[in-house]
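# A structural walkthrough
Here's the letter readout for the chains.
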Amino acid sequence: MQHLTGGEAVVQASGQTVRELLARLEQRYPGLQSAIVQDDGRLRPGVAVAVDGYVTSLGLYQRLTDGSDVQFVPAIGGG
């Protein structure tokens, strides 16, 4: 997603949830949110959210604390 952040690999923003964080990032990096979230407000298929190193099943509703590390990663499937 670095093509949407001007080449920055790490960006910072605040938010109490992943959804709030994305909304703030969207203000600075237009197009970032739509790359991660579908029109219906859910995560795009194939995208997972990791907070502080753990993939969360709460997705956009995951609560954050000061200093949380949030990563949007391709979901891994297997069998």
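Preceding block: the structure.
My aim in this report is to walk through the structure given alongside it, one point at a time. Because the structure is predicted, anything quoted here is derived from the model rather than measured. (Residues numbered from 1 in each chain as written. Predicted model: local features only at pLDDT ≥ 70, side-chain atom pairs only at ≥ 80, totals over all residues. Heavy atoms only, no water.)

Mapped onto the secondary structure, Thr5 falls in the segment before helix H1 (18-28). For Thr5, a relative accessible area of 6% puts it in the buried group. (Helix = DSSP H or I, 4+ residues; strand = E, 2+ residues; numbered from the N terminus. Buried < 20%, exposed > 50% of the residue type's maximum accessible area, 1.4 Å probe, protein only.)

Our focus in this paragraph is the environment of Tyr61. You can see Tyr61 is positioned in the loop between strand S2 (54-55) and strand S3 (70-74). Judged by relative accessible area, Tyr61 falls into the exposed class, the value being 58%. Linking Tyr61 and Pro74, residues 13 residues apart in sequence, is a C-alpha distance of 18 Å. Residues within four places of Tyr61 in sequence aside, it is in contact with Thr17 and Arg19. Engagement of the side chain of Tyr61 in a polar contact is seen with the side chain of Arg19, the distance being 3.2 Å. (Contact = heavy atoms within 4.5 Å. Polar contact = N/O pair within 3.5 Å; in protein donor to acceptor, adjacent residues only side chain to side chain.)

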